[in-house]
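What follows is the residue order along each chain.
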Amino acid sequence: MKLLLIQNMLYVPSLGGANTTTRLLMEGLAERGHTCRMIVPALGSYGPQDHDAFRKELARHQISITHSSPDADVFQQRGVEIHAVTDITRMRSYAVEQIREFEPAWIIVPSQDPGQLQLETALREAPGRVIYLVVAAWDLPFGPGCVFASEASTELVRRTSYIISISDFLRRYIQQWAGLDSDVIHFPVYGSGPFSYLGSFDNEFVTLVNPSAIKGIDILLELARRLP
């Protein structure tokens, strides 16, 4: 089966949970025999700032470019064909070209899609063949956790054929605030394990990775106050 994923997140480097999730998803599908292709930006604020820096980043990861055009560099990684678009303003038009050429059975669009532009493109080009992958509440266009509420964008989400959530919290959130069902997949973003047990009440230090208000730092601060 041909599967196409369109995202506004970098593939290299994969620094966050969201782009790690999409990478694991497509690599896992490729491992199961599906023909997988991804369209991603080559440049971004959390990665390479120009084309030369992008190619150096690929070389650092020992990734070789298999094909290059004025619009994108193409490379293979663990069975997935990645198209890294070098001009972010060409992302939507390039996606249209790839949908028409590749003719995927399904198109997957992650929720980190400001304005749901990639989602709108996928639905226009392939109605009935779009899967929406929700990775964070603030990406969504509805509910109290969203950054930008939009009824028009919410309607785009309603038009998708399937919704995948990465947690039970997101499944409940989507059901409560949009009345939509979704299936939960817990992606192994921390690896496959087994993991070392490092907790210790004898150690006075606690490590927090990427603490922020939107991710619940107030809960941990309150715990620290109550259990000094």
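Residues numbered from 1 in each chain as written. Predicted model: local features only at pLDDT ≥ 70, side-chain atom pairs only at ≥ 80, totals over all residues. Heavy atoms only, no water.

### What about the environment of Thr 160?
Rules: A helix here means a DSSP run of H or I that spans at least four residues, while a strand means a run of E at least two residues long, and both kinds are numbered starting from the N terminus. Each residue is assigned to one of three classes by its accessible area relative to the maximum for its type, calculated with a 1.4 Å probe on protein chains only: buried under 20%, partly exposed between the two thresholds, exposed over 50%. Should any heavy atoms of two residues lie within 4.5 Å, those residues are considered in contact. Polar contact is defined as a pair of N or O atoms within 3.5 Å, subject to the rule that within protein one atom must be able to donate a hydrogen and the other to accept it, and that residues adjacent in sequence are counted only when both atoms are side-chain atoms.
Looking at the element boundaries, Thr 160 is found in the loop between helix H5 (151–158) and strand S8 (162–165). For Thr 160, a relative accessible area of 10% corresponds to the buried category. Residues Thr 160 and Val 130, spaced 30 residues apart in sequence, show a C-alpha to C-alpha distance of 5.4 Å. In this view, Thr 160 contacts Leu 119, Leu 123, Val 130 and Tyr 132; residues no more than four positions away in its chain are not counted. Reaching out from Thr 160, the side chain makes a polar contact with the backbone oxygen of Val 157 at a distance of 2.7 Å.

### Some remarks on the packing of aromatic side chains
Worth spelling out the cut-off: Two rings from Phe, Tyr or Trp (for Trp, the six-membered ring) form a pair when their centres are within 6.5 Å of each other. A pair whose planes differ by under 30 degrees is stacked, one over 60 is edge-to-face, and the rest are tilted.
Scanning the model with the defined rule gives 4 aromatic pairs in all. An aromatic cluster is defined as three or more aromatic residues linked by ring pairs; in this entry it consists of Phe 142, Phe 169 and Tyr 173.

### Some details on helix H4 (residues 117–125)
Along H4, the residues that are buried comprise Gln 118, Leu 119, Thr 121, Ala 122, Leu 123 and Glu 125. Those residues of H4 hidden inside the fold are in contact with strand S1 (2–6), helix H3 (91–102), strand S6 (106–110), strand S7 (130–134) and H5.

### Overview of unusual backbone geometry
Cis geometry marks the peptide bond from Val 12 to Pro 13, where omega comes out at -5 degrees. At Gln 62, a position not held by glycine, the phi torsion is positive, near 60 degrees. Looking at where Gln 62 falls in the secondary structure, it is placed in the loop between helix H2 (51–60) and strand S3 (65–68). What makes Gln 62 exposed here is its relative accessible area of 75%. Of note, Gln 116 is a non-glycine position whose phi angle comes to about 55 degrees, a positive value. Along the chain, Gln 116 turns up in the loop between S6 and H4. Overall, the relative accessible area of 4% leaves Gln 116 in the buried class.

### Observations concerning the sheet that holds strand S9 (residues 183–184)
Operational definition: When DSSP finds at least two bridges between two strands, those strands are taken to pair. Interaxial angle, 0 to 180 degrees, is taken between N-to-C directions of lines fitted to C-alpha atoms, where a helix line uses only the stretch in contact.
Here we have 9 strands laid out as an open sheet, ordered S3-S4-S5-S2-S1-S6-S7-S8-S9, and mixed in their pairing. Both outer strands of the open sheet, S3 and S9, are each paired with one neighbouring strand and no more. Taken together, the 6 bridges between strand S2 (residues 35–41) and strand S5 (residues 80–85) define a ladder with parallel strand orientation. Counterpart to Cys 36 in the pairing with S5 is Val 80. Of the strands in this sheet, S1, S2, strand S4 (72–77), S5 and S6 touch H3, which is tilted by about 170 degrees from S2.

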